[in-house]
Amino acid sequence: MTFAGAIGTAPDLLRLLAVPVFAWTAYRDIETRRVSSTVWIPLSLLGAALLGWEGWLAWSAGGEAWTYEFLIPTAISLGLVVPIAYLFWWFGGFGGADAKALLVLAVLFPTFPEYALGPVTFPLAETTAIGTFSFTILTNAVLVGIALPLALAIRNAAAGRIAPVMFVGWPVSWDRIPETHGRLLETPAGLSRGGLDLDALRMYLRWRGLSLADLRDDPDRYRDPSTLPAETNPPTDGAVTATVQPRSDGGTLEADADDAVPEPVADSEAPEYDDPWGADAFLDDIDGSAYGTTPETLREGLEVLATEETVWISPGTPFLVPVFAGLVIALVYGDLLLGTLF
């Protein structure tokens, strides 16, 4: 900050500790779609301490430094970025980790930092008229998030994969589904943006004591809700890395899967069931909503995965990835949008 009479003040330098943390959270978001809330607590405390320190430096400098270089940017950061993060979380636009990341950034980076590397000063672009660094990170993240679907569509087009969902997903082999996060983009009626959440699929399979390969080997058998195990298994939270706990009776998911299912029905024609695949029973039995999955969505997803060799899935955009990219771009260049306009 210029009011401290130096480039690369102690508060600004300490803020760089956030970069490796956000890199790690972006990696975790890609690999597991899970980021522990505890990761944000140290950054929040650090941000609050640095905010007070910087405020004291600005107050000591007096004049315009306090008002224009600290007070106004901080007010915008806490009064605009924080409500944006909360509202997007409230309406489902962000996950909990995404909202917490933006809340942390609002506290940690309210003002524009300055860093010197030889004769070069970063960020390269001039401070915007708004002067709020957390808002710069947010706008950069949004622009990166917009660019990702375009890059995905170009990738699909280059591979000859032309489809209405080419901007949001790509085709994968069915055997990759158990280790993939995202959403199925297919139903028996065709491609759809509202398909089955793959975390919910893993919850169902673990609850029932099946693998996807088991289900594909004999889908007619497992459509019958009477083949549900008498003692179901913990569904976990659907994460790829989730640990399956043993049942209270000492059984395990893998060991009792075959024993829990009777022989298949030998009818020549597929019978009609009140609850195909036991979808209603699954959702009634578990705690929570399985990521908003309905019985119909679960059934449609299972019908597709029971027969198709390749399916379209959307990995979604783990928003912590654009946030991390937005942070790095902001530190190196500045604001991709407003930095070119103001």
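Structure's up top.
Residues numbered from 1 in each chain as written. Predicted model: local features only at pLDDT ≥ 70, side-chain atom pairs only at ≥ 80, totals over all residues. Heavy atoms only, no water.

1. Brief notes about the environment of Asp-224
Its place among the elements puts Asp-224 in the loop between helix H9 (219-223) and helix H10 (279-285). Note on Asp-224: relative accessible area 9%, which makes it buried. Separated by 51 residues in sequence, Asp-224 and Asp-275 have C-alpha atoms that sit 7.9 Å apart. (Helix = DSSP H or I, 4+ residues; strand = E, 2+ residues; numbered from the N terminus. Buried < 20%, exposed > 50% of the residue type's maximum accessible area, 1.4 Å probe, protein only.)

2. Quick word on the nonpolar core
Core analysis: the largest hydrophobic core is formed by 30 residues, its most contacted members being Ile-177, Leu-184, Leu-201, Tyr-204, Leu-215, Phe-282 and Val-311. Taken together, the elements giving at least two residues each to this core come down to helix H7 (198-208), helix H8 (212-217), H10, helix H11 (295-305) and strand S7 (310-314). Ignoring sequence-local partners within four residues, the contact set of Phe-282 consists of Ala-200, Met-203, Tyr-204, Trp-207, Pro-235, Ala-290 and Leu-298. Residues Phe-22, Val-39, Leu-102 and Val-323 belong to the second largest nonpolar core, which totals 27 residues. (Core = buried A, V, L, I, M, F, W, Y, C linked by side-chain atoms within 4.5 Å. Contact = heavy atoms within 4.5 Å.)

3. Regarding the packing of helix H2 (residues 18-31) against helix H12 (residues 320-332)
Two elements in contact, H2 and H12, have axes whose closest approach is 8 Å; the angle formed by their N-to-C orientations is 155 degrees. Looking at the two axes, H2 sits roughly antiparallel to H12. Of the two possible hands of crossing, H2 and H12 adopt the one that is left-handed. In this structure, H2 contributes Val-19, Phe-22, Ala-23, Thr-25, Ala-26, Asp-29 and Ile-30 to the contact, and H12 contributes Leu-320, Val-321, Val-323, Phe-324, Leu-327 and Leu-331. Its residues assigned to classes, the contact of H2 with H12 comprises 11 nonpolar, 1 polar and 1 charged. (Axes fitted to C-alpha atoms, helices over the stretch in contact; angles between N-to-C directions. Parallel < 35°, antiparallel > 145°, perpendicular 65-115°, else oblique. Left-handed = near helix turned anticlockwise from the far one by under 90°. Nonpolar A, V, L, I, M, F, W, Y, C, P; charged D, E, K, R; others polar.)

4. Here we look at H11
Listing the buried residues of H11 in full gives Leu-298, Arg-299, Gly-301, Leu-302, Val-304 and Leu-305. Those residues of H11 hidden inside the fold are in contact with strand S4 (183-184), strand S5 (186-187), H7, H8, H10 and S7.

5. A few points about the sheet that holds S7
Read from one edge to the other, the open sheet built from 3 strands follows the order S3-S7-S4, with strand pairing classed as antiparallel. Strands at the two margins of the open sheet, each flanked by one partner only, are strand S3 (170-173) and S4. Across 4 bridges, the pairing between S3 and S7 is antiparallel. Among the inter-strand pairings, Val-172 is bridged to a residue of S7, identified as Val-311. (Pairing = 2+ DSSP bridges.)

6. Digging into the environment of Arg-208
Mapped onto the fold, Arg-208 is located in helix H7. Using a relative accessible area of 1% as the deciding quantity, one classes Arg-208 as buried. Placed 19 residues apart in sequence, Arg-208 and Thr-227 show a C-alpha to C-alpha distance of 9.4 Å. Separated by 2.6 Å, the side chains of Arg-208 and Tyr-204 make a polar contact. (Polar contact = N/O pair within 3.5 Å; in protein donor to acceptor, adjacent residues only side chain to side chain.)

7. Regarding the pattern of salt bridges
Pairs can form between side chains of opposite charge once their charged atoms are near each other. By the definition in use, this model includes 12 salt bridges. With a closest N to O distance of 3.7 Å, Asp-197 and Arg-183 form a salt bridge. Here Asp-197, found in the loop between strand S6 (190-191) and H7, pairs with Arg-183, found in strand S4; they are 14 residues apart in sequence, far enough to count as distant. Here Arg-299 makes a salt bridge to Asp-280, at a shortest N to O gap of 2.6 Å. (Salt bridge = Lys/Arg side-chain N within 4 Å of Asp/Glu carboxyl O.)

8. What to know about the layout of surface pockets
Taken as a whole, the second largest pocket encloses approximately 650 Å³ of empty space. Lining the second largest pocket are 25 residues, with Trp-170, Pro-315, Gly-316, Thr-317 and Pro-318 positioned closest to its centre. Residue assignment for the lining of the second largest pocket shows that the elements contributing at least two residues are H2, helix H6 (133-158) and S7. Among the elements that make up the lining of the second largest pocket, the one with the highest residue count is H6 (6 residues). (1 Å grid on protein atoms, 1.4 Å probe; cavity = no way out; pocket = protein on both sides within 12 Å on 5 of 7 lines; lining within 4 Å. Points joined across faces, edges and corners; volume = space filled by probe spheres on them.)

Taken by themselves, the reported measurements are silent on function.
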